[in-house]
Amino acid sequence: RVFAKKLDSPVCDTLMGKGAFNGTDERYTGMLGMHGTKTSNLGVSECDLLIAIGVRFSDRVLGNPKKFAKQAKILQIDIDPAEINKNIIVNHSVIGDVKMVLDRINGKLEQQSHTEWLSHIADYQKMYPMTIPKEGLSGPFMIAKIYEMAKDAIMVTEVGQHQMWATQYLELDSNSQLLTSGGLGTMGFGLPAAIGAKIANPDKDVVCISGDGGLQMNIQELATSVVQGAGVTICVLNNYYLGMVRQMQQLFYGKRYSATCLRRRKGCPDECKGPNEACPPYTPDFIKLVESYGGHGIRVEKEEDIDAAFAEAKKYKDVPVIIEFMIATDEIVLPMVKSGNPMSEMILK
């Protein structure tokens, strides 16, 4: 924070850097990369100096490496020499612990002023805001609501659309923490990680944000939560789909949907237009399932029931609570950059 202020520079982060810089700070432009903000992606694409602090330049951040930050000289600071020039060639590097390196730089750096550049970035933020739909239980709305209701909790995510919404709409500060598995696609990470966080921090609330597909990868760990007395709140954003894969099929594979609808049966038509009255019932029933383990379940279908659901969940300290939010079935995570494209080429709608 001291470095950014002295440098007078906008700041973006990667998925694994969420929370290192205050999400409400005026210099913060949001996450960079495949599902990053247009402001951050354009800012990095247009800047003439990019300072990468503890960043590994993964494929989710680079997009097309040959077109990444083409106008910029890049300074990379990292404790691991193997990270330097691994995925992208940089102009300069400093090997060392980030805290020690920045402390030394801050002691020598004079106050900079980049008013025109900051104004340019601010214009992008006004042009391309991360808006939240005002009606219905959308993914972005639910993330913002979860954070409002559990602001100081340790936040843990599963993998999928909800994970990206969480990184887009959680405004993390120094009182909050995000645990996520990054770009590895490790569905099943969320619930065990949340239980571990609760065991390590018994006096803190722990909220696991999950999709209906990812939660089922390690759902048997509900038993561990009960046995260990590690009560966590699991917010399931249920859209009846493996949503992130369905989104890829919709945008890049001609809407040829396969193995992503969790209500599909052998008797369903070859080409389905989406959920309708003829659809088979969804399985499992998460409410009955968590109760069978000794936990508690709440289903929320209307916005006006959200506050009461969180108030009820707080009554259960030693067992898992699932709050199942029935969100829109066809919602997709935007912005998005197609794999292999430069970060400046974003799908916005």
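Worth saying up front: this structure is predicted, and the values here are computed from it rather than measured.

## A look at the packing of helix 6 (residues 139–149) against helix 7 (residues 161–169)
Interaxial distance between helix 6 and helix 7 falls to 9 Å at its minimum, and their mutual angle equals 60 degrees. One finds that helix 6 runs oblique with respect to helix 7. Considering the relative orientation of helix 6 and helix 7, their crossing is right-handed. Note on element contacts: helix 7 touches helix 6 through His162, Trp165, Ala166 and Tyr169, opposite Gly139, Pro140 and Ile143. In the contact of helix 6 with helix 7, the residues fall into five nonpolar, two polar and no charged.

## What to know about the sheet that holds strand 3 (residues 49–53)
The three strands lie next to each other as 3-4-5, forming an open sheet whose pairing is parallel. The open sheet has two free edges, formed respectively by strand 3 and strand 5 (92–95), since each of these has just one partner strand. Each strand axis lies, on average, 10 degrees off the axis of its neighbour in the sheet, ignoring direction. Strand direction decides the pairing type here: strand 4 (residues 73–78) and strand 5, joined by four bridges, are parallel. When the sheet's bridge partners are listed, Asp78 is paired in strand 5 with Ile95. Across the sheet, helix 4 (residues 98–108) is in contact with strand 3, strand 4 and strand 5; its angle to strand 4 comes to roughly 125 degrees.

Parameters and conventions
Residues numbered from 1 in each chain as written. Predicted model: local features only at pLDDT ≥ 70, side-chain atom pairs only at ≥ 80, totals over all residues. Heavy atoms only, no water. Axes fitted to C-alpha atoms, helices over the stretch in contact; angles between N-to-C directions. Helix = DSSP H or I, 4+ residues; strand = E, 2+ residues; numbered from the N terminus. Parallel < 35°, antiparallel > 145°, perpendicular 65-115°, else oblique. Left-handed = near helix turned anticlockwise from the far one by under 90°. Contact = heavy atoms within 4.5 Å. Nonpolar A, V, L, I, M, F, W, Y, C, P; charged D, E, K, R; others polar. Pairing = 2+ DSSP bridges.

The values reported here are purely geometric and, on their own, carry no functional implication.
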